[in-house]
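For reference, the chains in residue letters:
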Amino acid sequence: MNRFKTSKFKNTTPKIAKKDGWINNVRAGSFSCQGNHIKASSKLVVFNAEQAGGGMLGLTSVKPGSDGQWTVSLFSCHSDLVTDMDFSPFDERLLATCSVDETVKLWRLCDPELQGSNSPEQTLHPGHGRVELVLFHPTSSDLLAVGTTNSPLIWDVSRQDAPLAVLEQHSDHLQSLSWKRDGSLLASSCKDKMLRVFDPRAQLAPVQSTKGLQNNKDSRILWAKDDFLLTTGFDMVRSRELRLWDSRKLSSSVSSVSLSASSGFRMLIPLFDDDTSLLILAGMGDTSIDCFEVSTSEPFLSQVSHCLTDASTRGVAMVPKLAMDVMSCEVMHILQMTDNYIIPISYQVPRKNSRQEFHDDLYPDTAGTTPAMSAEEWWQGGNKQVEKVSLNPEKQPKPKSQSPPKKEASGEGRKEEPRGCSTSSSPLSTPSSSAAPSRSPSSTSGLSSGFLPSPSPSQAAKAIQSMLGPISKFRHIHGSVMHRDTHITNLRGLNLTTPGESDGFDANHQRMAVPLAISGGQIAIFERSQPGRLPDTSLATIQNSVNVADFCWDPFDPHRLAVAGEDAKIRVWRVPEGGLTETLTEPELILQGHTEKIYSIKFHPVASGLLTSSSYDFTVRLWNLDSGDEVKVLSGHQDQIFGMAWSPDGRLLATVCKDGKVRIYDPRRSTEPVQEGPGPEGHRGARVVWVCDGKYLLVSGFDSRSDRGLYLYSAESLSSGVVVNIQMGVSPSTLIPFYDPDTSLLVLTGKGDTKVHIYEVVPDDPYFIECSSFNSSEPYKGLAFLPKTECNVRDVEVIVGLMLTKVTIEPVAFSVPRVKKEFFQDDVFPDTAVCWEPALNVSAWLSGSNGRHKKISLKPKDMTPVSEAPKEAPVRKYLPSSVYLEEKTDEQKKEELLSAMVAKLGNMDDPLPQDSFEGVDEDEWDD
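Anyway, here's the lowdown on the structure attached to this text.

About the criteria used
- Residues numbered from 1 in each chain as written.
- Predicted model: local features only at pLDDT ≥ 70, side-chain atom pairs only at ≥ 80, totals over all residues.
- Heavy atoms only, no water.
- Helix = DSSP H or I, 4+ residues; strand = E, 2+ residues; numbered from the N terminus.
- Buried < 20%, exposed > 50% of the residue type's maximum accessible area, 1.4 Å probe, protein only.
- Contact = heavy atoms within 4.5 Å.
- Polar contact = N/O pair within 3.5 Å; in protein donor to acceptor, adjacent residues only side chain to side chain.
- Pairing = 2+ DSSP bridges.
- Axes fitted to C-alpha atoms, helices over the stretch in contact; angles between N-to-C directions.
- Patch = residues over 30% accessible without salt bridge, like charges linked within 9 Å, V, L, I, M, F, W, Y side chains within 5 Å.
- Areas by Shrake-Rupley, 256 points an atom, 1.4 Å probe, with all protein chains shown as cover.
- Salt bridge = Lys/Arg side-chain N within 4 Å of Asp/Glu carboxyl O.

1. Re the environment of Tyr363
Counting through the fold element by element, Tyr363 comes out in the loop between β29 (342–348) and β30 (366–367). With relative accessibility at 3%, the residue Tyr363 sits in the buried group. Once the C-alpha coordinates of Tyr363 and Asn392 are considered, the two residues, 29 residues apart in sequence, prove to be 8.1 Å apart. Ignoring any residue separated from it by four or fewer positions in sequence, one finds Tyr363 in contact with Asp325, Val326, Cys329, Glu330, Val331, Phe358 and Leu391. Of note is the side chain of Tyr363, whose polar atom sits 3.5 Å from the backbone oxygen of Val326. In terms of polar contacts, Tyr363 uses its side chain to reach the backbone carbonyl oxygen of Glu330, at 2.6 Å.

2. Things to note about the pairing of strand β25 (residues 288–294)
Of all 7 residues that make up β25, 7 are buried, and the element is covered over most of its length. Burial along β25 is two-sided: Ser288, Asp290, Phe292 and Val294 and Ile289, Cys291 and Glu293, pointing in opposite directions, are all buried. Where strand β24 (residues 278–283) and β25 come together, 5 bridges link them in antiparallel fashion. Across the sheet, residue Leu278 finds its bridge partner in β25, namely Glu293. Linking two consecutive strands that pair antiparallel, namely β24 and β25, is a turn of 4 residues; a positive phi of about 85° is found at Gly285 within it. Pairing of β25 with strand β26 (residues 301–308) involves 7 bridges; the strand directions are antiparallel. Its bridge partner being in β26, Ile289 is matched across the sheet by Cys307. Counting the residues in the hairpin turn of β25 and β26 gives 6 residues.

3. Details of the sheet that holds strand β27 (residues 315–318)
Backbone-to-backbone hydrogen bonds pair the strands of a sheet. The strands run either parallel or antiparallel. Ordered in space as β1-β29-β28-β27, the 4 strands form an open sheet in which the pairing is antiparallel. Each edge of the open sheet is held by one strand with a lone partner, namely β1 (13–16) and β27. The sheet shows a mean angle of 25° between the axes of neighbouring strands, direction not considered. Pairing geometry for strand β28 (residues 330–337) and β29, over 7 bridges, is antiparallel. Residue pairing across strands places Glu330 opposite Gln348, the latter belonging to β29.

4. Remarks on the environment of Val724
In this fold, Val724 is placed in strand β56 (residues 722–730). With relative accessibility at 6%, the residue Val724 sits in the buried group. Distance in space between the C-alpha atoms of Val724 and Gly55 is 8.9 Å, their sequence separation being 669 residues.

5. Quick look at a nonpolar patch on the surface
A grouping of Leu897, Leu898 and Met901 is seen on the molecular surface, where their side chains present a nonpolar patch of about 300 Å² in accessible area. The residue Met901 is located in helix α5 (residues 890–905) in this model. Taking relative accessible area as the criterion, Met901 reaches 48% and is therefore assigned partly exposed.

Structure (structure tokens):
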């Protein structure tokens, strides 16, 4: 294309499919990785699913099934986040995946509707740390480019013991890889702002390199036409930009286009079609997709279209050319992944005779699906190119009719493979060399036809569960703010700058403590029994005389409040019965021992009179409130202590620290940690809580990119590292976890957030089962949760909390929808621990005694457990289908039709209406 010649693609128009053509049942993951989050072959689509911390992929098909619907299934790929995936250009079912778990796996996928179990056919262990990128070679079979954190590797998977080449290590994180279309060169972009071009067969060092990026944030590189390269990234003022480079002269870009600025450095995903030279640009989180035409002469980059989408982009993929609807002049077909849907977008060139004839000027011959050579031939210097095929439907080979399979003479036929699955024993055999699917009878099913057996009800339930993943009985949990009569309103002077280690709000079953932005470190106390509008006059408060760092109520004494100040002192206050009537200035007890500002304080969950504190002096101290003495000093931390938590039985104390370590202490045995393991990589804050009856430690924190995440550790083996982790998106506030041991529900809140995340935590894979979340109408400043006895079991309330906003305190109830509310739901209300009564005192605990809370039932006396409810016979709601579908003969149908028509016409012998009208006499006509 040149400036005087009109392009035939200049009017290419994007057409978004109607909503009934969207692929639903998609729960897309929003994970931080270098991949596109979704990939497509000519038949299948895979995408990152928001399950198992990103280790699970969703699978569906490009085209709907015979019923016009898409089937979406999930399969577990890796033990950690799947960072990238790629389909083989020579086998529409061969998928390569890579992961944070430092492995690359190759899969031969079945059709999603078969519900078959997918298992890897090969697993590669590059051994260079986290694997970020994986990319099939465009001309050779069995050949992969693998990108670890800093190094690109060339791998012949038929020789899986070691890579063919480990290219020169980059000085920072590798961000993208791209093969040249002829397969001779490999290009990379890196966080060090360098662009590199490798000839892996000539040398391990780059043959060309240049500092081509202006910003070290996410970048992408892509080979375009001939020797030209495309890059996307950010300029110095955070605006996204597209650049075109001539790989023969990388000193400066040939052309560039500046695009809109992006909040949060959201990366720009490029997709290039070699046949049309059309380029798709989709920004993560954007609601628009741009299309450009790329030329090797002026003007190099010409915008073709700007498509506004219905939802934010979470990933984008291009469907291969062989799957295009060429008779509708479709030149590109992309799939936009959003939070809940995969939306097909078709790019079509308007033509008069579309649907009637094939427009060969729009469709040059395209690369076929037969590899030009093997990996060994390529490595030895071969440069053969993939044979091209025509897209003209008349030139496509027609499928041969197959005769019915003959029955085996013996009863032992080959095992029948599910339809849509390859039977090849080699994971990388191409379609031309793979064995045809067997149609012989299965020795296990005894079937003589090619149809699969009908599943039993239990098998169908298992199939549905395997598609949807594990299901929680709390999945539909519903959070609702209670009636306004229970609110406390007209809050004024709230302190919104409490330290990150403090929850900033605490409550027990009688009263609440709220910090105020008034000099002297004042804390307001509100009685739960006295809701309503607060007066405009000043309130009676607790005055600490220094800024408040943290505070918490004694779980066994609703009148005792401990407050940590920035002067390294802990003040213990006693609130009188009925609440504050005057300002308190003299604490009941002052604890001194820390030499630096205190981070946080926690009461012991089992023993009364035992308080724990952490400080900037990098120590954790235990205090006996009965005597006012310091009883233990725990050491071993090298930096700021973000959070601490006692185990449910009160024996062990866990801490998470800025030095990147999670530690477990047994304070009565040693002042040094008894276990130590790697913690979150981020340094912005973290919290820790024990879950699953103390079997696991859950840490909420940040990764190296400041994305919030959840990290699960085995309490018996911290050194083994994370069992599973989940990315929770970008936000400045640390997630504060609350764990309910009765239901195993984990509630995650963040100061300044509007969303409350809820998960059920289970001791086995997938560990986290997502439930419905709760959304507040405005940002909340804190949530405090109340004892189980505050739940209304008649309304199936499983958790009750108090939400602090800028001007109100509002009770929030989390309930589970149930049909038979007249019965006590004993499956969600097990006996609960009496956590408001101590199991022993501080002296007994220090001497080595242990105790556990007694348990009580929450069942009201007048309610019957649902497990003992009488079984009701099922009631048929509708008449059987035979009533509506009974067979009738043609004569009966004809007779009924004629009768209906006659009934409409009426009886022919009846008099007409005008016969009853009165006329005039004959002589009246003479007038």
